[in-house]
Amino acid sequence: MDGLLQLRVDGIKWETTDTATFYLVRTVGNKVEYKAGQFITLVFDHHNQEVRRSYSLSSSPDDDRLAITVKRISNGEISRFLLTKVKVGDVLNVVKPAGVFTVNEFEAETDLVFFAAGSGISPIFSQIKYVLNRPGKSKLHLIYSSQDKELVLFNNELNELLERFPDRLTITHLLSSEANRLTNIRVEQLVNEQLNFDKSKAQFYLCGPFVYMRMIRLTLMYMGINAQQIHKENFVLETVPVTGSQTNYPPQAILINFEGELHNVQAGENQSILQAALQNNIKLPYSCRSGICSACVAFCKTGKVEMAKNEVLTDEDLAKGWILTCTGHALTDDVEIEYK
């Protein structure tokens with residue numbers, strides 16, 4: 001398939017009765033490059049329709065193999081297929097790693113606070129491994145919510161990291177089975193207890209269900225944490241319709257610089273940049289098509305683009321020119337989109 005990586009399943013490890021880690025290697029070519037915290041998008045032909053599902057990488061860029069950790073989801077056809085049908089040796093079609101849920105500044109004296117719920121630990125596990133494998137003065141704090149002790153993912157690996165880096169890593173487990181759930185009061189208490197350095201320089205990374213992340217984010221902001229210090233990744237990327245906008249977007253010409261080729265595309269009325277590109281057989285990357293996963297992120301070099309929905313890019317990202325093509329509409333006739 002055009003523009004896709006072919007990854008062979010090199011191993012499968014069952015983490016719990018309903019969750020397994022799939023280890024992946026390229027069938028040809030060099031090792032896949034990515035940043036800790038990013039995800040890959042699997043592409044399937046399901047009932048003669050293309051279906052895409054994104055999974056965070058639980059591996060670190062330092063690891064020999066890519067890894068995704070898949071939990072069975074109620075009524076989830078793709079997760080059920082992966083856990084029951086896919087076997088070692090199978091080849092999967094994959095969009096290259098993407099995502100902006102990454103750790104960038106960890107060398108200086110700063111606190112990195114990670115909130116994870118359930119399998120939302122996957123990208124955070126990747127980030128923690130990556131940071132601890134490098135010199136730095138940062139302190140890492142993991143606050144991990146699970147249903148019960150048997151469902152704690154990567155428990156042995158996390159304990160090993162704790163033993164190796166006792167001066168840099170702390171882990172707090174919250175188990176629902178013990179009536180120990182995360183609340184806004186508990187968030188405030190844990191953050192105040194664990195921070196070592198200037199609160200205004202701390203970075204917070206959230207991955208879990210929407211309600212869980214919203215509660216944490218609002219609590220942190222109530223505590224005086226700036227929104228730019230808070231980073232979140234959606235726990236489950238559901239393909240849902242984008243809410244209709246009152247704005248009417250007129251047809252516009254768009255210049256797309258993708259994989260070294262320039263494409264002049266005409267977007268129809270109310271047509272997103274991604275829709276226009278796919279209609280012209282330009283295989284731009286995408287996954288959710290709902291403005292929540294960042295698989296389609298691109299750089300707006302010139303012109304003005306408005307997004308009907310954006311749940312992932314921060315104000316800082318927007319100021320730098322990053323946009324989501326799946327919900328992005330050209331407002332001017334000089335829009336040039338570039339993939340870096």
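Refer to the preceding data block for the structure.
Residues numbered from 1 in each chain as written. Predicted model: local features only at pLDDT ≥ 70, side-chain atom pairs only at ≥ 80, totals over all residues. Heavy atoms only, no water.

Any chance you could break down the packing of helix H4 (residues 184-194) against helix H5 (residues 210-222) for me, citing the residues and the numbers?
Their axes nearest at 9 Å, the elements H4 and H5 cross at an angle of 55°. Relative to H5, H4 is oriented oblique. As for how H4 packs across H5, the hand of that crossing is right-handed. Mapping the contact onto sequence places Asn 184, Val 187, Glu 188 and Val 191 in H4 and Met 215, Ile 216, Thr 219, Leu 220 and Tyr 222 in H5. By residue class, the composition of the contact of H4 with H5 is 6 nonpolar, 2 polar and 1 charged. (Axes fitted to C-alpha atoms, helices over the stretch in contact; angles between N-to-C directions. Helix = DSSP H or I, 4+ residues; strand = E, 2+ residues; numbered from the N terminus. Parallel < 35°, antiparallel > 145°, perpendicular 65-115°, else oblique. Left-handed = near helix turned anticlockwise from the far one by under 90°. Contact = heavy atoms within 4.5 Å. Nonpolar A, V, L, I, M, F, W, Y, C, P; charged D, E, K, R; others polar.)

Describe in detail the side chain of Thr 102, supporting the description with residues and values.
Inspection of the secondary structure puts Thr 102 in the loop between strand S6 (91-98) and strand S7 (111-117). Taking relative accessible area as the criterion, Thr 102 reaches 10% and is therefore assigned buried. The contacts of Thr 102, once residues within four sequence positions are left out, are Lys 35, Ala 36, Gln 38, Gln 127 and Tyr 205. (Buried < 20%, exposed > 50% of the residue type's maximum accessible area, 1.4 Å probe, protein only.)

Talk me through the pattern of salt bridges; I want residue IDs and the actual numbers.
Counted according to the given criterion, the structure contains 10 salt bridges. Across the salt bridge formed by Glu 157 and Lys 13, the nearest N and O atoms sit 2.9 Å from each other. Within this pair, whereas Glu 157 is found in helix H3 (residues 155-164), its partner Lys 13 is found in strand S1 (residues 5-16), the two being separated by 144 residues in sequence. Since its relative accessible area comes to 32%, Lys 13 is described here as partly exposed. As a salt-bridge pair, Glu 316 and Lys 320 come within 3.6 Å of each other at their nearest N and O atoms. One end of the pair, Glu 316, and the other, Lys 320, are both in helix H7 (residues 315-320), 4 residues apart, so they sit about a helical turn from each other. Via salt bridges that share partners, Arg 8, Asp 10 and Arg 65 belong to a single interconnected network. (Salt bridge = Lys/Arg side-chain N within 4 Å of Asp/Glu carboxyl O.)

Run through the sheet that holds strand S5 (residues 66-71), naming residues and quoting values.
Pairing is antiparallel in the open sheet, where 6 strands are placed in the order S4-S3-S6-S1-S2-S5. A strand with exactly one partner marks an edge of an open sheet, and here the two such strands are strand S4 (49-56) and S5. The average angle at which neighbouring strand axes cross in this sheet is 40°, direction not considered. Bridge analysis of strand S3 (residues 39-46) against S4 gives 8 bridges, and the strand direction is antiparallel. (Pairing = 2+ DSSP bridges.)

Please give an account of the sheet that holds strand S18 (residues 335-338) that cites residues and values.
Here 5 strands make up an open sheet; going across it, the order is S13-S12-S18-S14-S16 and the pairing mixed. Strands with a single pairing partner mark the edges of an open sheet, and in this sheet they are strand S13 (261-267) and strand S16 (322-324). Direction aside, the axes of adjacent strands within the sheet are offset by 35° on average.

Before we move on, could you go through the state of the cysteines and cite the residues and values that matter?
Across all of its chains, the model carries 0 disulfides by this definition. There is no disulfide at Cys 288, and the cysteine sulfur nearest it, in Cys 293, is 3.7 Å away. Of the residues examined, Cys 288 reaches a relative accessible area of 3% and is grouped as buried. Cys 326 forms no disulfide, and the closest cysteine sulfur to it belongs to Cys 296, at a distance of 3.7 Å. By relative accessible area, Cys 326 is classed as buried at 11%. (Disulfide = S-S within 2.5 Å.)

Break down the nonpolar core for me, with residues and values.
Ile 254, Ile 256, Leu 284 and Ile 337 are the most contacted members of the largest nonpolar core, which totals 27 residues. Secondary structure elements with two or more residues in this core: strand S12 (252-258), S13, helix H6 (273-279), strand S14 (297-302), strand S15 (305-307), S16 and S18. Ranked by residue count, the leading element in this core is H6, at 4 residues. Among the nonpolar cores identified, the runner-up in size contains 26 residues, and Val 103, Leu 132, Tyr 144 and Leu 175 belong to it. (Core = buried A, V, L, I, M, F, W, Y, C linked by side-chain atoms within 4.5 Å.)

So what's going on with the packing of aromatic side chains? Which residues, and what values?
This model, assessed by the stated rule, comprises 7 aromatic pairs. Relative to Tyr 205, the ring of Phe 114 has its centre 5.4 Å away and its plane inclined at 25°; by these criteria the two rings are stacked. Of this pair, Phe 114 sits in strand S7 while Tyr 205 sits in strand S10 (residues 203-208); the two residues are 91 residues apart in sequence, bridging distant segments of the chain. For Phe 114, a relative accessible area of 0% puts it in the buried group. Taking 4.3 Å as the distance between ring centres and 15° as the angle between the ring planes, the aromatic pair formed by Phe 125 and Phe 154 counts as stacked. You can see Phe 125 sitting in helix H2 (residues 121-132) and its partner Phe 154 sitting in the loop between strand S8 (139-146) and H3, a full 29 residues away along the chain. The residues Phe 125 and Phe 154 share a single accessibility class, namely buried. The rings of Phe 101, Phe 114 and Tyr 205 are connected pair by pair, giving a single aromatic cluster. Between Arg 52 and the ring centre of Tyr 286, over which it is positioned, the NZ or CZ distance is 3.8 Å. If you follow Arg 134 out to its NZ or CZ, it ends over the ring of Tyr 130, 3.7 Å from the centre. (Phe/Tyr/Trp six-rings, centres within 6.5 Å; stacked < 30°, edge-to-face > 60°. Lys NZ or Arg CZ within 6 Å of the ring centre and 35° of its normal.)

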